[in-house]
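Now for the letters of each chain:
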Amino acid sequence: MCKNNSLNDNFPASLFPDGYELIPDLKEIYELQLAYYEYKLLSPQELIENSAFFAEVGDKPTRHFELCAGESLYLPGHSSSKRKSFFESNIFHTGYGTHGLFPYRGKFHPQMIKGIINIMGLKPGDTILDPMMGSGTVPVEASLMGINSLGVDASPFCGFMARTKVDALSMPLDRVEKAMANSDKVFDYFFRKSNSPITRNTKAKKFNSYDSFREEESKYLTSKSTAPCSDTDETKLTHNLLLLAYLDSVGYAERSKQKSAKELFKGILQRYYFVCKKAQDAISKTRITLGNADVSVGDARELEVESSSINGVLFSPPYSFAIDYIENDSFHLKFFDVDLSDLRNRMIGLRGGRLLLDKYECYKADLGQALKECARVLKPGCLCTIIIGTNSSQLSTIFKTSKEQVQGLHELTVELGADHGLKLVKQFERSIHGMSNTMRKEYIVMLQKV
Ligand SMILES: C[S@@+](CC[C@H](N)C(=O)[O-])C[C@H]1O[C@@H](n2cnc3c(N)ncnc32)[C@H](O)[C@@H]1O
């Protein structure tokens with residue numbers, strides 16, 4: 001028996017009253033902070049419906065718990081035990097909804113996004129904007145919370161990926177299941193397509209990957225029978241999910257260099273089917289009414305959104321020029337016949353002259369312009385949350401100074417926001433783990449439109 005009774009307390013459960021059970025595996029201080037604010041700001045019923053960090057409230061399991069529970073992501077048999085254990089331990093953080101489709105670099109941590117949306121005060125029926133949505137984490141998460149969203153990204157590939165991940169929350173899956181039995185043919189079909197990319201109108205604001213997609217080919221793809229398909233939307237949705245799986249397999253084969261894309265495709269397609277089925281079963285079991293997600297290709301510096309119309313903005317900009325999103329996605333972008341140098345001229349962090357200093361100056365001006373647009377579209381009193389880390393190593397080389405002396409991008413964001421009527425109300429700090437990352441900290445900066 002321990003003499004010091006305090007050691008018998010269960011920390012961090014003791015931070016909350018009886019009946020409030022935290023999600024297993026909360027390891028980080030910022031997660032406990034967000035859980036605390038969820039508890040303070042949401043009613044017990046709201047916590048059951050939308051909390052990110054509670055597993056049970058008053059003996060009732062939360063929707064988040066039910067969305068995540070069950071088998072973790074289906075991984076192909078050849079996956080390493082390291083990869084399997086990663087997915088198992090992350091089941092409540094990342095392994096739910098359709099977030100598991102496509103590993104986009106720089107993607108948000110979805111459970112954190114849910115917590116932030118809650119503490120920003122957004123409720124079902126409100127509208128949130130992510131002006132640099134990348135793979136669509138905010139639109140997917142908002143939909144799962146019954147919140148409407150507008151998602152924008154300069155990259156047509158991101159437009160396609162986000163649309164597909166949102167659609168996958170509710171699309172029919174019968175033909176995807178049939179395609180799994182035909183996976184070699186499906187792969188060959190897209191492989192032939194990669195040599196003659198989908199041509200599309202690059203000026204079009206709404207991304208439409210199937211503009212030139214031929215119905216006949218899609219029928220051949222997804223059904224062994226030659227019976228005509230009557231449901232055109234289903235054809236398009238199936239096509240998009242299969243295409244995303246194809247692009248995923250090519251990217252994975254390039255990174256791992258162990259198996260060919262064709263060998264990987266079958267397992268990836270099976271995983272996609274499993275992810276969608278698990279998400280859709282949980283959505284119907286927990287009776288979620290999905291929020292509408294309007295995703296498009298556009299420019300965060302010039303949003304086609306009405307002034308004072310949005311209840312919250314949440315985004316993560318490129319961390320100056322830390323990641324070259326065009327080089328990373330070049331295969332995928334070429335598949336959509338995107339003019340890469342034209343896109344580079346619109347991408348924040350990649351624009352500007354050849355000298356890194358010029359690029360940085362351009363980045364600052366662009367981030368300022370994006371924050372000005374966020375302030376314009378927000379309703380007064382509402383919040384704009386920016387998640388940002390600092391690439392101090394690269395910046396210290398440019399400024400010929402020590403890493404400690406570099407102005408953090410989070411500080412720059414606060415400064416630029418203030419120029420446009422956005423006032424700092426709260427800031428959280430989060431550590432970044434993983435050997436491949438040179439950044440050690442990321443900040444959640446919450447600004448309010450005054
Ligand atoms: C850090 S990533 C966002 C990742 C995203 N939060 C997610 O969960 O996947 C930054 C994104 O900004 C986009 N971007 C860069 N310049 C842009 C611009 N001018 N307008 C809109 N999006 C832009 C990039 O294409 C990239 O997807």
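Criteria and cut-off values
Residues numbered from 1 in each chain as written. Predicted model: local features only at pLDDT ≥ 70, side-chain atom pairs only at ≥ 80, totals over all residues. Helix = DSSP H or I, 4+ residues; strand = E, 2+ residues; numbered from the N terminus. Buried ≥ 20, exposed ≤ 12 C-beta atoms within 10 Å, placed from the backbone. Contact = placed C-beta atoms within 7 Å. Pairing = 2+ DSSP bridges. Axes fitted to C-alpha atoms, helices over the stretch in contact; angles between N-to-C directions. Expected span 1.5 Å × (residues − 1). Near = placed C-beta within 6 Å. Nonpolar A, V, L, I, M, F, W, Y, C, P; charged D, E, K, R; others polar. Core = buried A, V, L, I, M, F, W, Y, C linked by C-beta atoms within 7 Å. Parallel < 35°, antiparallel > 145°, perpendicular 65-115°, else oblique. Left-handed = near helix turned anticlockwise from the far one by under 90°. Right-handed = clockwise from strand over helix to strand, strands pointing away. Arc of directions from axis to C-beta. pLDDT = per-residue confidence, 0-100.

## Let's talk about the overall build of the protein chain
Next up, step 1: When helices and strands are counted, the protein chain shows 18 helices and 10 strands.
Next up, step 2: The buried share of the protein chain, taken over its 450 residues, is 45%.
Next up, step 3: Counted over contacts in the protein chain with a minimum sequence separation of 6, partners at least 24 positions apart contribute 69%.

## Overview of the sheet that holds strand β10 (residues 441–449)
Next up, step 1: If you trace the 7 strands from one edge of the open sheet to the other, you get β6-β5-β4-β7-β8-β10-β9, paired in mixed fashion. In this open sheet, the two edge strands, each paired with only one partner strand, are β6 (293–297) and β9 (422–431). Strand-to-strand twist of the sheet, defined as the mean angle between neighbouring strand axes without regard to direction, takes the value 15°.
Next up, step 2: Pairing between strand β4 (residues 127–130) and strand β5 (residues 148–153): 4 bridges, direction parallel.

## What to know about the environment of Glu28
Next up, step 1: Checked against the element boundaries, Glu28 lands in the loop between β1 (20–22) and α1 (29–41).
Next up, step 2: As for Glu28 and Ser431, which are separated by 403 residues in sequence, their C-alpha atoms are 8.3 Å apart.
Next up, step 3: The residues contacting Glu28, other than those within four sequence positions of it, are Arg430 and Ser431.

## As for helix α7 (residues 156–167)
Next up, step 1: An ideal rise of 1.5 Å per residue puts 16 Å on 12 residues; α7 measures up with 16 Å between its terminal C-alpha atoms.
Next up, step 2: Burial runs high along α7: 11 of the 12 residues are buried.
Next up, step 3: Considered for burial, the residues of α7 that qualify are Pro156, Phe157, Cys158, Gly159, Phe160, Met161, Ala162, Arg163, Thr164, Lys165 and Val166.

## Section: the pairing of β6
Next up, step 1: Side chains Ala293, Val295 and Val297 of β6 all project onto a buried face; the interleaved residues Asp294 and Ser296 project onto a face where none is buried.
Next up, step 2: Here β5 pairs with β6 via 5 bridges, running parallel. Along β6, the bridge assignment pairs Leu150 with Asp294.

## Description of the site of the ligand
Next up, step 1: Around the ligand there are 25 residues in total, and Phe108, Met132, Gly134, Ser135 and Thr137 lie nearest to it.
Next up, step 2: Counted by class, the shell around the ligand contains 14 nonpolar, 6 polar and 5 charged residues.

## A short note on the sheet that holds strand β2 (residues 54–57)
Next up, step 1: Pairing is antiparallel in the open sheet, where 3 strands are placed in the order β1-β2-β3. At either margin of the open sheet sits one strand with a lone partner, and together these are β1 and β3 (60–61).

## Describing the nonpolar core
Next up, step 1: Among the nonpolar cores identified, the biggest contains 116 residues, and Ile116, Ile117, Ala245, Tyr246 and Leu314 are the most heavily contacted of them.
Next up, step 2: Setting aside chain neighbours within four positions, we find Ile117 in contact with Leu122, Ile128, Glu141, Ala142, Met145, Ile147 and Leu314.

## Points about the packing of helix α6 (residues 137–144) against α7
Next up, step 1: Packing of α6 against α7 leaves a shortest axis separation of 9 Å and a crossing angle of 20°. The angle between α6 and α7 places the two elements in the roughly parallel class. The way α6 lies across α7 gives a crossing that is right-handed. For the pair α6 and α7, contact is made by Pro139, Val140 and Ser143 and by Ala162, Lys165 and Val166, respectively.

## Quick look at unusual backbone geometry
Next up, step 1: In the Ramachandran plot, Asp59 falls in the positive-phi region, its phi being about 70° despite a non-glycine side chain.
Next up, step 2: In this structure, Asp59 sits in the loop between β2 and β3.
Next up, step 3: Even without glycine at this site, Asp337 takes up a positive phi of about 60°.
Next up, step 4: Relative to the elements of secondary structure, Asp337 occurs in the loop between α14 (330–335) and α15 (340–344).
Next up, step 5: Given 14 C-beta atoms within a 10 Å radius, Asp337 is considered partly exposed.

## Comments concerning the pairing of β4
Next up, step 1: The two faces of β4 match: Thr127 and Leu129 on one face and Ile128 and Asp130 on the other face are all buried.
Next up, step 2: The handedness of the β4 to β5 crossover, carried by α6, is right-handed.
Next up, step 3: As paired elements, β4 and strand β7 (residues 310–315) share 2 bridges and run parallel to each other. Across the sheet, residue Leu129 finds its bridge partner in β7, namely Val313.

## Regarding the environment of Tyr20
Next up, step 1: Note on placement: Tyr20 falls in strand β1.
Next up, step 2: Once the C-alpha coordinates of Tyr20 and Tyr39 are considered, the two residues, 19 residues apart in sequence, prove to be 8.8 Å apart.
Next up, step 3: Discounting residues that sit within four places of it in the chain, Tyr20 has contacts with Tyr39, Phe54 and Val57.

## With respect to helix α8 (residues 174–181)
Next up, step 1: All of the buried residues along α8 are Arg175, Val176 and Ala179. For α8, the angular spread of buried residues about the axis comes to 105°, placing them on one side. Exposed positions of α8 whose direction lies more than 90 degrees from the buried face are Asp174 and Ala181.

## Points about the confidence of the model for the protein chain
Detailed reading of predicted coordinates is not advised where the pLDDT is low.
Next up, step 1: Mean pLDDT over the protein chain: 86, with 84% of residues reaching 70 or higher.
Next up, step 2: For the stretch residues 197–216, pLDDT sits under 50, and the model shows 39 contacts to residues farther than four places along the chain or on other chains.
Next up, step 3: Across residues 223–230, where pLDDT falls below 50, the model places 8 contacts with residues more than four positions away in sequence or in other chains.

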